[in-house]
Amino acid sequence: MKKISLSFLALAVFLWVGQAMATPVVDGSFNTTEWAGHFTNDDGVGSGGFVDPGYGGQAYDVEYTGLYTTSTTLYFGLQAGYNLTGTGMTYAPGDFALDLNNDGNFEYAIDFQIVDDDVTYTLYDVESWKPTAIANWQNDFFEVAEGTQIYQWTETGAFGSGYMDDADNGYSYVLEGSLDLSQLGPLGPEIAMQWTMGCGNDVGTVTTSTAPVPEPATMLLFGTGLLGMAVIGRKRKKTV
Ligand SMILES: [Ca+2]
Ligand SMILES: [Ca+2]
Ligand SMILES: [Ca+2]
Ligand SMILES: [Ca+2]
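Keep in mind that what you see is a predicted model, and the values were worked out from it rather than measured.

Chemist: Hey, could you run me through the side chain of T73 in this one?
Modeler: Considering the arrangement of structural elements, one finds T73 in strand 3 (residues 73-80). For T73, a relative accessible area of 16% translates into the label buried. Only 3.0 Å separates the side chain of T73 from the side chain of T72, close enough to count as a polar contact. Non-local contacts of T73, meaning those with residues more than four positions away in its chain, are made with Y68, S178, L179 and L181.

Chemist: What is the right way to read unusual backbone geometry from this model?
Modeler: Excluding glycine, residues mostly carry a negative phi; peptide bonds, for their part, are mostly trans. Following D52, the chain continues into P53 via a peptide bond in cis, with omega recorded as 20°. Within the secondary structure, P53 sits in the loop between strand 1 (39-41) and strand 2 (62-69). Unlike most non-glycine residues, D52 shows phi in positive territory, near 70°. Within the secondary structure, D52 is located in the loop between strand 1 and strand 2.

Chemist: Would you take a moment to explain the packing of aromatic side chains for this structure?
Modeler: In this description, a pair of aromatic rings is defined by centroid distance and the angle of the planes. Throughout the structure, instances matching the rule amount to 18 aromatic pairs. For the pair F39 and Y64, a centre-to-centre distance of 5.8 Å together with 65° between the ring planes defines the contact as edge-to-face. Remark: Y64 occurs in strand 2 and F39 occurs in strand 1; sequence separation between them is 25 residues. Here Y68 and Y75 contribute two aromatic rings whose centre-to-centre distance is 6.3 Å and whose plane-to-plane angle is 45°, an arrangement assigned as tilted. Residues Y68 and Y75 agree in their burial class; the two are buried. Members of the aromatic cluster, connected to one another through ring pairs, are F76, F96, F112, Y121, Y151 and W153.

Cut-offs and rules
Residues numbered from 1 in each chain as written. Chains lettered and ligands numbered in written order. Predicted model: local features only at pLDDT ≥ 70, side-chain atom pairs only at ≥ 80, totals over all residues. Heavy atoms only, no water. Helix = DSSP H or I, 4+ residues; strand = E, 2+ residues; numbered from the N terminus. Buried < 20%, exposed > 50% of the residue type's maximum accessible area, 1.4 Å probe, protein only. Polar contact = N/O pair within 3.5 Å; in protein donor to acceptor, adjacent residues only side chain to side chain. Contact = heavy atoms within 4.5 Å. Phe/Tyr/Trp six-rings, centres within 6.5 Å; stacked < 30°, edge-to-face > 60°.

These results come straight from atomic positions and should not be treated as a statement about function.
Right, dumping it as structure tokens:
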């Protein structure tokens, strides 16, 4: 029994440390396991092609938005039925809108250029936003109108497309990215992200807590300490 409980503890510590270290993988595939606890599921097309707030069907469905921070990095992700390359679409794809303290004021925009599977992201400190085009579905945070470009980086394999995890069995497109937090201003306890396209047919929003995550090394040390205590406890019991 004691052996079993000790190995169970070891396994628990291992899984716990493993989970603390897991971060989304920027590979153009939005896996709900890698984003677990840090994504919004907005996948679904209603009758007449309603995707909320507008109509457009799978081709305009925003499916998943993901947002996750470690102590050094912000991860963001998007899966949509909308063709994120913009090819053949009447309305252009929007920028990722970032709200560093989830107060409804989006301070940063991340624009993207897709070449094959690679994505070049450009970060803007935003002065003003351009809204979406259609009055009925107007959204104030479509893309940067005025702002300062502060950082640009390229991620290999960050774009993907195909028949992915999708409630409507449609074709989907994915963007994933990671941004060094040193490029941004200070984060509040909760941050938010929004994404939409030029017409505003559908909108994806996601929030995530930025509560400081203990360093993996600290967790490992703490876990090892727990194990050590359990071993000592076992030895003591034996000698009594
Ligand atoms: Ca991924
Ligand atoms: Ca949707
Ligand atoms: Ca804000
Ligand atoms: Ca869908």
